[in-house]
Structures are given as C-alpha cells and as structure tokens.
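What the coordinates show
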Amino acid sequence: MRQVFIFIFCICLYMSTAGYGYATEVNGQHTWKELNQTTDHVLQLVKQEKFEEAKQLLDYFSDGFIQLDFKAEGFTMNEMRTITMTFEQSVEAVTAAEKSLDERIYTVTTFRLAVDALSSEHHPLWLQSEGTLLNQLALIKQEHQNGQPEAMQHRMNTFLRHYQMIRPALTIDLEPHLLQQVESQVTYLDNLRVDGLNSDKLTAHIEMMEADFAKVFERVKEDSADPSLLWVMITIGGMIVLSLSYVGVKKYRAEKGKVRMKE
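Below: a short report on this structure. (Residues numbered from 1 in each chain as written. Predicted model: local features only at pLDDT ≥ 70, side-chain atom pairs only at ≥ 80, totals over all residues. Heavy atoms only, no water.)

Below, the discussion takes up the packing of aromatic side chains. Two descriptors summarise a pair of aromatic rings, namely the distance from one centre to the other and the angle between the planes of the rings. Counted according to the given criterion, the structure contains nine aromatic pairs. Measuring from ring centre to ring centre gives 5.8 Å for F61 and F65, while their planes differ by 10°; the resulting arrangement is stacked. With a gap of four residues between them, F61 and F65 both fall in helix α3 (residues 51-67), about one helical turn apart. By the burial criterion, F61 is buried, and F65 matches it. Over the aromatic face of F51 sits the side chain of R104, whose NZ or CZ is 4.1 Å from the ring centroid. Directly above the ring of Y106 sits R161, whose terminal nitrogen or CZ lies 3.8 Å from the centroid. (Phe/Tyr/Trp six-rings, centres within 6.5 Å; stacked < 30°, edge-to-face > 60°. Helix = DSSP H or I, 4+ residues; strand = E, 2+ residues; numbered from the N terminus. Buried < 20%, exposed > 50% of the residue type's maximum accessible area, 1.4 Å probe, protein only. Lys NZ or Arg CZ within 6 Å of the ring centre and 35° of its normal.)

On to unusual backbone geometry, then. Negative phi values dominate among residues other than glycine, just as trans dominates among peptide bonds. Phi at E49 takes a positive value of approximately 65°, unusual for a residue other than glycine. If you trace the backbone, E49 turns up in the loop between α2 (30-47) and α3. Phi at H123 is positive, roughly 50°, even though this residue is not glycine. In this structure, H123 sits in the loop between α6 (101-119) and α7 (130-145).

Moving on, we get to the pattern of salt bridges. Using the criterion set out here, one finds seven salt bridges in the structure. As a salt-bridge pair, K141 and E210 come within 3.3 Å of each other at their nearest N and O atoms. You can see K141 sitting in helix α7 and its partner E210 sitting in helix α10 (residues 200-223), a full 69 residues away along the chain. Exposure class is identical for K141 and E210. Each is buried. Members of the salt-bridge network, linked through shared partners, are K141, E207 and E210. (Salt bridge = Lys/Arg side-chain N within 4 Å of Asp/Glu carboxyl O.)

All right, on to α10 then. One full turn of an α-helix is made of 3.6 residues, so residues set three or four places apart face in the same direction. Across its 24 residues, α10 extends 35 Å between first and last C-alpha, which sits within 8% of the 34 Å expected from 1.5 Å per residue. Within the span of α10, buried status applies to L202, T203, H205, I206, M209, E210, D212, F213, V216, F217 and V220. (Expected span 1.5 Å × (residues − 1).)

Okay, empty space enclosed by the protein next. With the rule as written, the count across this model stands at one cavity of 30 Å³ or more. Its volume calculated, the largest cavity comes out at about 50 Å³. If you go around the largest cavity, the residues you meet are W126, L133, I166, L170, L174, V182, F213, V216 and F217. Of all elements in the fold, only α8 (149-173) and α10 reach the threshold of two or more residues within the lining of the largest cavity. Ranked by the residues each element gives to the lining of the largest cavity, the list is headed by α10, at three residues. Considering only residue class, the lining of the largest cavity consists of nine nonpolar, no polar and no charged. (1 Å grid on protein atoms, 1.4 Å probe; cavity = no way out; pocket = protein on both sides within 12 Å on 5 of 7 lines; lining within 4 Å. Points joined across faces, edges and corners; volume = space filled by probe spheres on them. Nonpolar A, V, L, I, M, F, W, Y, C, P; charged D, E, K, R; others polar.)

Pasting the structure below:
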C-alpha cells in the first residue's frame, strides 16, 4: 500500500510541475523572466562595485525591454512608467561618480523589486520586507513611549527610507485603493512626527498601521498563491484521504471476517 501511495504522489507532482512549465512557455513569459533575472545580476555587480559591468547589463535590459510587446504582456501605462523611472534612476546611480555605494545599492534594489513585482506571479520579493517594516514601526512606537525623540526620529527615517525603496513595487502590485490607503497612512505618520511628537495620536496611528500593513501583506500573499501548488496539495490530500479510507475499510472487513469465523 505504501508503494502505491508514493507512486500516486510522484504522478501528481510531475503533472503539476509539467503543466506549470508548459503554461509558462505558452504565456510567453520567458523573455520578461530573463530580464527579471538580469536585474538581479545588475544588483549583485553593484554590490561587488563592478559598475561598468552593471551598466552594460542595464543597457542589455533596456534593449530587451524595448523589444517587448507591451500589449501582449498586458503592461499598463503605470507599470511601464514605474519601470522606466526606476531604470533611469539605476543608470544614474551606477554611472554617477559622486554616489556612495549604499546609495547605488539602494537605488538598484528599488529597480530590482519593481521589475520583480511585474514579473513574479507568486510571492514577489518585496513581500520579504514585511518583517523589517513592522519591526521599524514597533521600534518607533517604543522610542516614542520611552521619551527618546532623537532615537525615534532615527527609526522614523529608517522606516520611511525602506518604504520608499519598495514603493515602486507597491504601485505595481497593489490595487489602487490599497495603495492609496498605505500612502495616506505613511504620509500622516510623517506629518505626526513634526506636528505632535508628544501626542497619543502617534502611538494610536502606529498601532493602526501595524494592523493594516499586516492585512495588506497577507492579502497579497493570498492573491499571489501558486494555483498549481494548491492543486497539488488538494490532489495529494484527496489521495491520502482515499488511501486511508481504503485501508480503514479493508481493516474493518478483515476484523469482521475474523469475528464471523470465531462465531
């Protein structure tokens, strides 16, 4: 029985992965996915301070991006504008001699996250910032409650800088009303530190942001769940239930037969 179950599991897994790969080729995603990988290579080169090579790869990205069929890919004007803006900023960051390494990495990471948001159907990279953002909000609230205004301002700057890094990706992935909600909350937080650092409004607003941000991240995770993986889980789960039911029925009949023989 164990061998049968393992065989069924392997068949289900093969069918799901084969079907997913086929769907990817049919949808014509290969070129765009390749460009997405190119941005990762650019970021790695910048971290290694190989700026000339990074610039060459950015040129390669530009050539490939121009050749894409934007209508067929389903790109919106907002998405194209976001990618173009972050690309141009990356070129400037890579080529400007006065830029520090941290500034270069920050700018190219922003570009990397935006391209990945447009390319990745499941779990875009910017989702990994959830822990950092929520942690920074908690630290802002803690420093405020401890009466440490300078430390709080530092935490606030760190939070806002990280948010601005993922913001282009958010404009691509979030629904307009969710993006507007997040934007208004961040803007209000920035205003509160100027208008009322000693007010309870700051603590209350941060707690609301923590809850709302967590909901936004969870919603995106659910929306970007891989349907093929879900199909595998459902199929395998069904097979397990059937297998256990079969074993249970077989065991019940065997025990019932023994009782009859004793009688």
